[in-house]
Amino acid sequence: MIPTTLIFYFLNGLFYASYLFLVASGLTIILGILNVLNLAHGSFYSFGAYVAAFIATLFLNNGLPTPSLFMALFMAALLIGLMGSGVEFSLKPLYKRRQEYQLLFTFALSFIFEDLIKLIWGFNPWTCPNLFAYMGAVNILGQFYPSYDMFVIFIGFVSYLFIWFFFYHTRTGNLARAVAFDKEMSSALGVNVSSLYTKIFFIGAFFAGLGGALILPAINAIPGMGSDALGFAFVIIVIGGLGSVKGAFVGSLIVGMVRAVGIALFPEIELGLIFTVLVIVLILKPQGLFGKRFE
Amino acid sequence: MSEPKKVGRRTFLNYATAIVATGVIVGAATYLATPKGATTTVTVPAATTTVTAPGGTATGKPIPSEPIKIGILTFFSGSNAVVDVQIWWAAQMLAEKINSEGGILGRKIELVQMDVGPNTDTCVQNYRKLVLENHVDLVTGDLASSNGLAVAPICEELKCPTIYLSTTTTHIFEDVDPKPKYLFRAGNYNTMEAVSCALHIKRHHPDVKRVAGINPDYAYGRDSWQMFVAALQKLLPQVEVVYEAWPPLGTTDFTSHITATLNAKPDVVFSVLYASDIVAFMKQAVGYGFFKQVPLFYNALGYISFNMLTKDVCPEGLYFQARDYYFLWPPAEIWPIQGWFVPEFYKRWKQYPNIDAGQLYSAIDAYKRAVEKVYALTGEYPTNEQIVEAMAGSSCVGPMGYRTIRREDHQFLSPAPIGKSKHSPDYPFVILDELEFIQPEECAAPPGVKSLDWIKSWKI
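Everything numeric in this text was worked out from a predicted model, so none of it was measured. (Residues numbered from 1 in each chain as written. Chains lettered and ligands numbered in written order. Predicted model: local features only at pLDDT ≥ 70, side-chain atom pairs only at ≥ 80, totals over all residues. Heavy atoms only, no water.)

**Some words on the overall build of chain B**
Of the regular secondary structure elements, chain B holds 17 helices and 15 strands. Within chain B, the proportion of its 460 residues that are buried is 59%. Taking the contacts inside chain B whose residues are at least 6 apart along the sequence as the reference set, 72% of them involve residues at least 24 apart. Summed over its atoms, the accessible surface of chain B is roughly 17,800 Å², and 58% of this surface lies on carbon and sulfur atoms. (Helix = DSSP H or I, 4+ residues; strand = E, 2+ residues; numbered from the N terminus. Buried < 20%, exposed > 50% of the residue type's maximum accessible area, 1.4 Å probe, protein only. Contact = heavy atoms within 4.5 Å. Areas by Shrake-Rupley, 256 points an atom, 1.4 Å probe, with all protein chains shown as cover.)

What follows is the structure in structure tokens.
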């Protein structure tokens, strides 16, 4: 019986890691390339969930079949990507100023977004339950595991592969790394930094939105969910090293696994355990596990 | 240019005279009308006043003409607002009803909305603001445990009648404010939730052995679990705790807690998760086949909107403790207040009233009765001190029925309902069936005795 339980803890850890990675990866990409610590990133996550709930409800009310809801989730993520580009556009005048200004600006935005969510969707939790129930559960050695959670894990991995492929095997990705390395030089060599920044913000926001949309069928979208996710995303990118996508990936896995096992073995210190890992990493390797410049 | 100016001044003078004259007339009218306490639309007849309090009308303080301000201090923001918005709805509905029936001694009720805010400091600040700047006559609302503890001494200091709804922590009246004067609580508290569940288990499932808990990681969750375990082990000595999970408030992903709980193979799981936490938990638990593997599940449903318990999230056969009010009991035929409250609430807000909405009714009713009682006895409009003294030890009504208010610790008491979840075709959400009521004497510690000491003193 013990092996089954271990498999479940492992899967739970992966599940948690998957959607947190989607949030953390966007945060770390934007930080690594634009050098902006986007405090409104949690709002992309919560907006992703709410917009997905909205579109899904719209689909269902118009009699579309349940599988079409996957489309709704993806559409929500795309919309959040566009929203991210909009945020980047409003940030443009601040790039020449000190980093604190961008920090405060995104901090202010996060509050505005939180209030907007309450204004648009009210205080009731929103969800898209059909998908979760529709996919049912798989039987793993006599125990049930929700298929939807498997799907989330799968998308988490695919997203990592996509981000890796994008930054190492596409022209835009390579240029982005060049800009992260030396903005002035890249600009002098003819790279359109401004439009590149908009694209990067689109990608970062897209993945955060995807994280929110993807988790929605399994949870309830509630006000304040974004700030919680942002908190963990910070832990992840600090463990992994600021600006490193590989770091965000490994950091998510560490946080996910520590949480899953921690809840089983040390339920009393569920949150404390994750932060203990953070402290240990900071003492042993202050720059984080993969902390360098963006690579 | 100069002519219009002239006309302007003249018009102004005309208006000014008119305003002053109206003011004088209205002022005189109010002055003449109010001192005798008879001409305003008063529910208590003036005759009673003169009979019971000779001389009272001569020296008595007149009924103020301005409205009674009731501050609704509760969560208007944050995830708790989902549930607490019903307090505001109920308050509006009730204020309109009382006002249309002539108010409290002719004074209309005016509501002041105030958010608890994100932390204890803001809550205390906003409470002070209500009392000192808005000059409210009564503060009521759900504050959550930590805020409730911080506001208690401020309430006694500012001497403003204050009635907590929910805010169920035992520490308020057992430790922080053991001899309350201005503070009341219009809701069964967490000892009653935990102990009533334990008593219910003893009655219906006396052979349970392995118990696990999933509770929010803060005072409410910790205290409830401690008391539940203490009570259950007293009642059924064979019970052992096999696992306890402590998800932080606002957790959205409970998958690891679910796996760990299942792994411990409990006979019964007790939880005080609430609001969207319990809904998210149950949804994920269904995905894991949790309720097929755990024979008994008890949840204190104190803090939720019932429409959140949808049928796909909540299977049948789970036990829910509904603190002190469930909208399906008592039936409208035997309790007219319920007959007005529930349909009217649904008509206006498209939801059924939750526990806090029911508590709000009893809180305002208790205040109204106290004001009218003192006035009937003395012929004077009561001071805050008189109001709270009249309230302590009295009783009031609410949609849940009659409620008593303990003199010693100002705790409102009513029987604690426990029911079993059922999918009924009449409601789009899960309802509670087989309701059973645990009497307050059985599940509340006597005043002056700490809950845990009381449980430990049981002789079984």
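Having put the structure on the table, let's press on.
**Section: the sheet that holds strand 12 (residues 401–405) of chain B**
Residues and elements named next belong to chain B. In space, the 3 strands of this open sheet follow the order 11-12-13, with antiparallel pairing throughout. Each edge of the open sheet carries a strand with a single partner, namely strand 11 (395–398) and strand 13 (412–413). Sheet topology note: the strand 12/strand 13 ladder contains 2 bridges and is antiparallel. When the bridges of strand 13 are listed, I405 appears paired with F412. (Pairing = 2+ DSSP bridges.)

**As for helix 10 (residues 225–240) of chain A**
With 16 residues, helix 10 of chain A should reach 22 Å at 1.5 Å per residue; the first-to-last C-alpha distance of 23 Å fits that figure. One or two steps after helix 10 of chain A, the chain reaches A:G241, where phi turns positive at roughly 105°. (Expected span 1.5 Å × (residues − 1).)

**Some remarks on the interface of chain A and chain B**
Listed as interface residues are 36 residues of chain A and, on the opposing side, 37 residues of chain B. For the chain A and chain B pair, buried surface summed over both sides reaches about 3,000 Å², with 54% attributable to carbon and sulfur atoms. Where A:R259 meets B:D253, a salt bridge forms, and the shortest distance between an N and an O atom there is 3.8 Å. For the pair chain A and chain B, the interface holds 15 residue pairs in polar contact (both at pLDDT 80 or more). Of all the elements in the fold, those that place two or more residues in the side of chain A that touches chain B are helix 1 (2–34), helix 5 (129–135), strand 2 (143–146), helix 11 (245–265) and helix 12 (270–284) of chain A. The element contributing the most residues to the side of chain A that touches chain B is helix 1 of chain A, with 7 residues. Here the residues of the side of chain A that touches chain B sort into 24 nonpolar, 6 polar and 6 charged. (Buried area = accessible area lost by both parts, 1.4 Å probe. Salt bridge = Lys/Arg side-chain N within 4 Å of Asp/Glu carboxyl O. Polar contact = N/O pair within 3.5 Å; in protein donor to acceptor, adjacent residues only side chain to side chain. Nonpolar A, V, L, I, M, F, W, Y, C, P; charged D, E, K, R; others polar.)

**Here's the deal with the pattern of salt bridges**
Taken as a whole, this structure holds 24 salt bridges over all chains when the rule is applied. With a shortest N-O distance of 3.7 Å, A:K118 and A:D115 are connected by a salt bridge. Of this pair, A:K118 and A:D115 both sit in helix 4 (residues 99–121), separated by 3 residues, roughly a single helical turn. Residue A:D115 is classed as partly exposed on the basis of its relative accessible area, which comes to 46%. Ionic pairing is found between B:R348 and B:E344, a salt bridge with its closest N-O pair at 3.1 Å. One end of the pair, B:R348, and the other, B:E344, are both in helix 13 (residues 336–349), 4 residues apart, so they sit about a helical turn from each other.

**So, the nonpolar core**
Taken as a class, soluble globular proteins show a tendency for nonpolar side chains to be buried jointly. Counting 266 residues, the largest nonpolar core has B:Y127, B:F228, B:F281, B:M282 and B:F290 as its most contacted members. Considering each element in turn, this core owes the most residues, 18 residues, to helix 1 of chain A. When neighbours within four sequence positions are excluded, B:F228 is seen to be in contact with B:A194, B:C197, B:A198, B:I201, B:V211 and B:F270. (Core = buried A, V, L, I, M, F, W, Y, C linked by side-chain atoms within 4.5 Å.)

**Focus on unusual backbone geometry**
Residue B:W329 is joined to B:P330 through a cis peptide bond whose omega torsion reads -5°. Positive phi values are uncommon outside glycine, yet A:N35 reaches one of about 60°. Structurally, A:N35 can be placed in the loop between helix 1 and helix 2 (41–61). Note on A:N35: relative accessible area 40%, which makes it partly exposed.

**Considerations on a nonpolar patch on the surface**
All names here are of chain A. On the surface, M71, F74, M75 and L78 cluster together into a nonpolar patch covering about 340 Å² of accessible area. Assignment of secondary structure puts L78 in helix 3 (residues 68–91). What makes L78 partly exposed here is its relative accessible area of 35%. (Patch = residues over 30% accessible without salt bridge, like charges linked within 9 Å, V, L, I, M, F, W, Y side chains within 5 Å.)

**Considerations on the pairing of strand 6 (residues 210–214) of chain B**
All names here are of chain B. Among the 5 residues of strand 6, 4 are classified as buried, and the element is accordingly described as predominantly covered. Relative to strand 7 (residues 240–245), strand 6 is paired through 5 bridges, and the arrangement is parallel. Among the inter-strand pairings, G213 is bridged to a residue of strand 7, identified as E244. Between strand 6 and its parallel partner strand 7, the chain crosses via helix 9 (residues 219–235), and the hand of that crossover is right-handed. Note that strand 6 and strand 8 (residues 268–271) share 4 bridges and pair parallel. Following the sheet pairing, G213 is matched in strand 8 by F270. (Right-handed = clockwise from strand over helix to strand, strands pointing away.)

**Some words on helix 4 (residues 81–100) of chain B**
All names here are of chain B. For helix 4, built from 20 residues, the straight-helix expectation of 28 Å at 1.5 Å per residue is met to within 8% by its first-to-last C-alpha distance of 28 Å. For helix 4, the buried fraction is high: 16 of the 20 residues fall into the buried class. Downstream of helix 4 by one or two residues, G102 has phi in the positive range, about 105°.

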